[in-house]
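# Examining the three-dimensional arrangement
These are the residues of each chain, in order.
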Amino acid sequence: MELRGFLQKNNNVDDKSRIVGFFNDQQPKSILTRDNEPDSRFRRTETDFSNLYARDLLPAKNGEEYTMQFLLEVVDILTNYVRKTFDRSTKVLDFHHPHQLLEGMEGFNLELCDQPESLEQILVDCRDTLKYGVRTGHPRFFNQLSSGLDIIGLAGEWLTSTANTNMFTYEIAPVFVLMEQLTLKKMREIVGWPNGEGDGIFSPGGAISNMYSVMVARYKHYPEVKIKGMAAAPRLVLFTSEHSHYSIKKASAVLGFGTENLILLRTDERGRVIPADLEAKVIDAKQKGFVPMFVNATAGSTVYGAFDPINEIADICEKYNIWLHVDVRLANSVTWNPHKMMGVPLQCSAILVREKGLLQGCNSMCAGYLFQPDKQYDVTYDTGDKAIQCGRHVDIFKFWLMWKSKGTIGFEKHIDRCLELSEYLYRKIKNREGYEMVFQGEPQHTNVCFWYIPPSLRLLPDGEEKRQRLHKVAPKIKAMMMECGTTMVGYQPQGDKVNFFRMVVSNPAVTSNSSKDKCQCYTIMPIERNDVVGKTCSVLHKTQT
Amino acid sequence: MASHGFWFLGAENATGNGSQSPNTPLLNVGEAEKTAQAQVKAEDGSTVESCGCNKPCNCPKATVCFSDLYSTDLLPALDGDAKTMNFLQEVVDILLAYIVESFDRSTKVIDFHYPNELLQRNNWELSDEPETLDDILISCRATLKYAIKTAHPRYFNQLSTGLDMVGLAADWLTSTANTNMFTYEVAPVFVLLEYVTLKKMREIIGWQDGRGDGIFSPGGAISNMYAMLLARYKMFPEVKEKGMSSVPRLVAFTSEHSHFSIKKGAAALGIGTESVICIKADERGKMIPSDLERRIIEAKQKGYVPFFVSATAGTTVYGAFDPLMAIADICKKHDVWMHVDGAWGGSLLMSRKHRWKLNGVERANSMTWNPHKMMAVPLQCSALLVREEGLMQSCNQMQACYLFQQDKHYDLSYDTGDKALQCGRHVDIFKLWLMWRAKGTIGFEAQIDKCLELSEYLYNKIKDREGYEMVFDGKPQHTNVCFWYLPPGVRYLEDKVEKMKRLHKVAPVIKARMMEYGTTMVSYQPQGDKVNFFRMVISNPAATFEDIDFLIEEIERLGQDL
């Protein structure tokens, strides 16, 4: 091959001989093509790892065979894990207390030593790590807003780790940078900004995305803050709903506004911001000589899943020239976490900004060693200086690949199904004995918030004693769920409301099951079953079988 | 299928590169090879054409035809089990082939294309309709085809290079576990591994009994921001509630060679970039302690409050280590928080031979340490370590009751989420922990020592070689070797100004050619009044002495006509 000839003159003989036997001259073809020769596929063979160490793997000389066998062994562990995760008879978790795990479980010790462990031990570590972990992909895991394990997304993550690159420049992540641009544009189109115009970036999570939005808003109103600090601006105030995510509060502390200057807005009984309250508080702040700068409206609050009345809020923001964050069309910026409702594997959060160039202006520091202006390609693709990070993990590929595989309609279906399921849950329990909803009316998102009142409490008259006892019910049931590993649901208090369950459905595995009755089994049944305080797990298991 | 199209474009595009290249006239080395390359691509294209699952062939996957399957056929679909396993097996095959290829010196580091060109090479667009699994696999292959082979032994472009096999396996496991670091409840094992590993790292720093605090963050810039945040909170806790208007004007100090993230942090935190005072560095890039003290006193006289000194252990460009002992003395004297940005150089603590370069780090209040750089852990693995316990918690906590319920049945001190700026946090710990288990401390040490040995070899090789000039004198402290290559046409120029002007253009052109040919990748940059020079860094465990020799030959080959 001519190409080889050109490159080979720079290689010494030793290097050439390292090209592996099972992967010789057909190599470029098998990378690019469908890999059709049966013998070019990687097959697992019995390998004794007890005398092998990390130093025997690539880039070690002749390390290819061992490396392939080691990785295939790991993949075998992982695929078995995936298979079991979707099996409903598997436990969601095998709970142990921190001190139990720290002391070491049946040979699983966490200590780091000076001397290396054999690859055999490393494989055991992998198995144990999965064994004692939580199966977030399990159809009965409802604990967090991000749940479920998407196979395409998983494949995307594996590829991302293998490519192991960084998002800062086009130079070192050409494909991923382009994908990010295309995907962000598509997201802006869906948000409804004309022609998908605007800016955006993927960040390490919703909290950082929200922080970006506050920073950009500040830069828009007072660009001098970047150089001179908050001292250059008057006292700025931010507004958010009392039900909003705590990340806005964190952002106000970090960015130097102070949490006192974050004004909480009252909400109605469904958890939605009352626009009149916003306007009143804006006027009040102005009279005190403060400058209202930022309103965070919530589309799907963390606890109730409420949607704030965006149109009315947008009107107020326009009237007083305040930056509106979150939600469709009218907003200046939007946080969108595909790792939640869309089922993308973790760490995939985007911040979209309507005005172009603002992110760059706000965050750029023009580091000479990364962003050389005299590169041979169009350096507008070097997106790194827009970020507050330097190196940035590639979070785009899994999302892009999932979008490819599902299409927009696939995501739509998934989301619709989750909402349908939560509606089903809502209907099922709203009139059921022993259940009480935290707020009335159908939930706007997949959040269903409710109290389960055990029989012993049902007859108690309303009052402090009942409240106190009800407050303890959810933690106890949750603890038992974890001990038994049957399912996991979140709970929490809110304001003057005692601990209640917050059930969220974002797991596609739940939806895929044809029988909705099963959904009931996962959620309602365990809660009732665990009800009798003091019942041990073993007893529970007996009653189950 | 339209998406197959890009396999056949090879021949046209390889020769049509010039259309978008601003540097076309400069990139005319070895046109002959280019044409040869195009032919090979055409051959490849035809082989692809001969096989499609729809036609009869000896394809082993005749049993599973991905062109009829969609993602909805995979788990959790009923009967999705076998299909899922087959699909993942196929993906793994692609990845393993890529790995073997990456370590093979005869493959290109990069198959470079200009953005517009790359956009046309595959159907990257997202549509409403789903694509078949076959298309998905093709997208995976295409993505890897145009990706940089960061594991390639001749990839020297960034501070984080190489691909560790145990780290990779661990990262695959992490994505499969797909959980979040916020509470012990959802990530019991990972939370404990983070606890164990951070303690170990603190012991290595030299803090007594490994006491203190710390967190893994999404990168060095965020870690540095954490440090600045903590320093501010330590001095003025009221800033959390009342904001910057409640405190006097704060000033931070760092060397002029330090990383730009310190300024980014100051801008974000509302301190302002103007309040970051750049301390002079000596000709080797080390902060001059006397200048630091002078500037601190000066700031105090102006009524400002010095609150933060960021010393750098391993600067990005020169690889210089600031004199930590002297800086610690000054910080103590003036009661200022001392942070050590060891994102790049911190890993030298793992080496008994080189850790003296960080003497004094044990006196710091906080330290950034990125195992994803010198320790070659796969990307996103950066730690911030803090000497004082409890500070992170009180600085960052907001007590979100939906996550951190106080009435849980286990020891709540393991719910680390409220310490973080983030809410959800990616699991970055497992790959470091597993690599540490697999290599032991001595394994990391050997790896680091070898990289430093290689850079010394490079330094010795070029310091007296004709046509090379070092950016600064003396043996480099880290693996950074900064140098100019002067092509014969520039070497003997009398006119100093003209010489500098032309030298400034040499590195960008050589780099562009390297990328066109895909043989190797090295970074370049200007610094202050110094024109563009090469910054060679070695963190790639796959690199050998031969690769260093190759680099020198390649620079000369690509630059001799300039």
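On a predicted model such as this, the values are computed, not experimentally measured, just so you know.

Each value, and the rule that gives it
Residues numbered from 1 in each chain as written. Chains lettered and ligands numbered in written order. Predicted model: local features only at pLDDT ≥ 70, side-chain atom pairs only at ≥ 80, totals over all residues. Heavy atoms only, no water. Helix = DSSP H or I, 4+ residues; strand = E, 2+ residues; numbered from the N terminus. Buried < 20%, exposed > 50% of the residue type's maximum accessible area, 1.4 Å probe, protein only. Contact = heavy atoms within 4.5 Å. Areas by Shrake-Rupley, 256 points an atom, 1.4 Å probe, with all protein chains shown as cover. Axes fitted to C-alpha atoms, helices over the stretch in contact; angles between N-to-C directions. Parallel < 35°, antiparallel > 145°, perpendicular 65-115°, else oblique. Left-handed = near helix turned anticlockwise from the far one by under 90°. Nonpolar A, V, L, I, M, F, W, Y, C, P; charged D, E, K, R; others polar. Core = buried A, V, L, I, M, F, W, Y, C linked by side-chain atoms within 4.5 Å. Domains from an automatic or database assignment. Buried area = accessible area lost by both parts, 1.4 Å probe. Salt bridge = Lys/Arg side-chain N within 4 Å of Asp/Glu carboxyl O. Polar contact = N/O pair within 3.5 Å; in protein donor to acceptor, adjacent residues only side chain to side chain. Pairing = 2+ DSSP bridges.

### Concerning the overall build of chain B
A tally of helices and strands in chain B yields 17 helices and 11 strands. For chain B, with 562 residues in total, the buried portion stands at 70%. Nonlocal contacts in chain B, meaning residues at least 24 apart in sequence, comprise 73% of its contacts between residues at least 6 apart. Summed over its atoms, the accessible surface of chain B is roughly 17500 Å², and 51% of this surface lies on carbon and sulfur atoms.

### Here's the deal with the packing of helix 4 (residues 64–85) of chain A against helix 3 (residues 81–103) of chain B
It is at 11 Å that the axes of helix 4 of chain A and helix 3 of chain B come closest, and there the two elements cross at 155°. Taken together, helix 4 of chain A and helix 3 of chain B sit at an angle that is classed as roughly antiparallel. Where helix 4 of chain A crosses over helix 3 of chain B, the two elements pack in a sense that is right-handed. Contacts between helix 4 of chain A and helix 3 of chain B involve E64, M68, L71, L72, V75, T79 and R83 of chain A on the former and, on the latter, D81, M85, L88, V92, L96, I99 and V100 of chain B. Across the contact of helix 4 of chain A with helix 3 of chain B, the residue classes break down as 10 nonpolar, one polar and three charged.

### Some points on the nonpolar core
One finds F70 of chain A together with F87 of chain B to be the most contacted residues of the largest nonpolar core, which totals 245 residues. Per element, the largest residue contribution to this core is 16 residues, and it comes from helix 14 (residues 429–462) of chain B. Sequence-distant contacts of F87 of chain B, defined by excluding residues within four places in its chain, comprise I151, I152 and A155 of chain A together with F66, L74, L133, I136 and L137 of chain B. Judged by nonpolar contacts, the second largest core, of 62 residues, contains V216 of chain A together with F308, W337 and L421 of chain B.

### Notes on the domain arrangement of chain A
Residues and elements named next belong to chain A. Entries for chain A in the domain assignment read domain 1 (54–135), domain 2 (166–393) and domain 3 (403–537). Here domain 2 packs against domain 3, burying approximately 1800 Å² in sum over the two surfaces, 63% of which is carbon and sulfur. In this structure, the connection of domain 2 to domain 3 is made through zero salt bridges. Put simply, domain 2 and domain 3 have three residue pairs in polar contact (both at pLDDT 80 or more) between them. For the side of domain 2 that touches domain 3, the residue count by class is eight nonpolar, seven polar and six charged.

### Some remarks on the pairing of strand 2 (residues 250–255) of chain B
Residues in a regular strand point their side chains to alternate faces of the sheet. Residues and elements named next belong to chain B. Counted residue by residue, strand 2 has six buried out of six residues, so it is predominantly covered. Burial along strand 2 is two-sided: L250, A252 and T254 facing one way and V251, F253 and S255 facing the other are all buried. Examined bridge by bridge, strand 2 and strand 4 (residues 305–312) share five bridges and lie parallel to one another. Among the inter-strand pairings, A252 is bridged to a residue of strand 4, identified as F308. Pairing geometry for strand 2 and strand 3 (residues 276–279), over four bridges, is parallel.

### Some points on the sheet that holds strand 9 (residues 435–437) of chain A
All names here are of chain A. Here we have five strands laid out as an open sheet, ordered 1-11-12-10-9, and mixed in their pairing. Lying at the two open borders of the sheet, with one neighbouring strand each, are strand 1 (141–142) and strand 9. As paired elements, strand 9 and strand 10 (residues 448–452) share three bridges and run antiparallel to each other. Pairing of M437 across the sheet is with F450, part of strand 10. Sheet contacts for helix 17 (residues 464–484): strand 10, strand 11 (488–494) and strand 12 (497–503); angle to strand 11, the most-contacted strand, approximately 155°.

### Examining the interface of chain B and chain A
Across the contact, 191 residues belong to chain B and 179 residues belong to chain A. Both faces considered, chain B and chain A share a buried interface measuring about 16700 Å² in area, 64% of it formed by carbon and sulfur atoms. At the boundary of chain B with chain A, the tally comes to 10 salt bridges. For D125 of chain A, the salt bridge is made with R437 of chain B, and the minimal N-O distance between the two is 2.8 Å. A class-by-class count of the residues in the side of chain B that touches chain A yields 102 nonpolar, 50 polar and 39 charged.

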